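Structural characterization, general
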Amino acid sequence: MLEPVSAVIPSRPDSQWPVGMRLRFRPEAQFDPRHDRLRNKPVLVLSGMKLIGPTEGLYSWRQQVLALSTGRVGWARPDQMTLPLDDLNDLDVDPL
């Protein structure tokens, strides 16, 4: 008979970014190395907080975001994002 596997589920963060908020990834945010190009890039928050996982045996609380520089949808922790810069030129984004 198989033994049940216990999982550690982190507590939900106290706050989350509002859906529809335009933010950017923090330059000092901890990322998987394959996502380093997203540092300081703009994002749009698409969802409220969701418990995601297990990834490599771990769960985490994340919000779905649209990376405006790549057009890709993904998941980010609230602490990886911050308010946007004032100048779009600083973000390497082509204006519409």
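Presented here is an overview of the structure given in this document. For clarity, every value in this text was computed on a predicted model and none was experimentally measured.

Brief notes about the overall build of the chain
Tallying secondary structure elements over the chain gives 0 helices and 5 strands in all. Counted from the first residue to the last, the chain has its helices and strands arranged as β-β-β-β-β. In the chain, buried positions account for 24% of the 96 residues. In the chain, the proportion of contacts linking residues at least 24 apart, taken out of those at least 6 apart, comes to 51%. As displayed, the chain has an accessible area near 6900 Å², and 53% of this comes from carbon and sulfur atoms.

Concerning the nonpolar core
Judged by nonpolar contacts, Leu23, Phe25, Ala29, Phe31, Leu38, Val43, Val45, Val65, Ala67, Ala76 and Met81 together constitute the single largest core of 11 residues. Looking at this core, the elements with two or more residues in it are strand S1 (22-25), strand S2 (42-55) and strand S3 (58-67).

Concerning the sheet that holds strand S4 (residues 72-76)
Pairing is antiparallel across the open sheet formed by 5 strands, whose spatial order is S4-S3-S2-S1-S5. Looking at which strands have only one partner, the edges of the open sheet turn out to be S4 and strand S5 (81-82). As judged from the 8 bridges shared by S2 and S3, these two strands associate in the antiparallel manner. Paired with threonine 55 across the strands is leucine 58, a residue of S3.

Focus: the environment of glutamate 28
Mapped onto the fold, glutamate 28 is located in the loop between S1 and S2. Classification of glutamate 28 by relative accessible area gives exposed; the value is 54%. Along the sequence, glutamate 28 and glutamine 80 sit 52 residues apart, while their C-alpha atoms lie 8.2 Å from each other.

Quick notes on the environment of proline 10
Here proline 10 is to be found in the segment before S1. Taking the relative accessible area as the measure of exposure, proline 10 reaches 31% and is therefore partly exposed. Along the chain, proline 10 and tyrosine 59 lie 49 residues apart, while their C-alpha atoms are 6.9 Å from each other. Apart from residues no more than four positions distant in its own chain, proline 10 is found in contact with Tyr59, Ser60 and Trp61.

Notes on the pattern of salt bridges
Evaluated as defined, the whole model comprises 4 salt bridges. One salt bridge in this structure joins aspartate 36 and arginine 39, with 3.0 Å as the shortest N-O distance. Given a relative accessible area of 27%, arginine 39 falls into the partly exposed group.

So, the layout of surface pockets
Counted as a void, the largest pocket has a volume near 800 Å³. Around the largest pocket, the lining is made up of 26 residues, and of these Asp32, Arg34, His35, Arg62 and Trp75 lie nearest the centre. Secondary-structure elements contributing two or more residues to the lining of the largest pocket are S2, S3 and S4. Sorting elements by how many residues they give to the lining of the largest pocket places S3 first, with 6 residues. Residue composition of the lining of the largest pocket, by class: 11 nonpolar, 8 polar and 7 charged.

Rules used in this analysis
Residues numbered from 1 in each chain as written. Predicted model: local features only at pLDDT ≥ 70, side-chain atom pairs only at ≥ 80, totals over all residues. Heavy atoms only, no water. Helix = DSSP H or I, 4+ residues; strand = E, 2+ residues; numbered from the N terminus. Buried < 20%, exposed > 50% of the residue type's maximum accessible area, 1.4 Å probe, protein only. Contact = heavy atoms within 4.5 Å. Areas by Shrake-Rupley, 256 points an atom, 1.4 Å probe, with all protein chains shown as cover. Core = buried A, V, L, I, M, F, W, Y, C linked by side-chain atoms within 4.5 Å. Pairing = 2+ DSSP bridges. Salt bridge = Lys/Arg side-chain N within 4 Å of Asp/Glu carboxyl O. 1 Å grid on protein atoms, 1.4 Å probe; cavity = no way out; pocket = protein on both sides within 12 Å on 5 of 7 lines; lining within 4 Å. Points joined across faces, edges and corners; volume = space filled by probe spheres on them. Nonpolar A, V, L, I, M, F, W, Y, C, P; charged D, E, K, R; others polar.

Shape descriptors only; they carry no functional weight alone.
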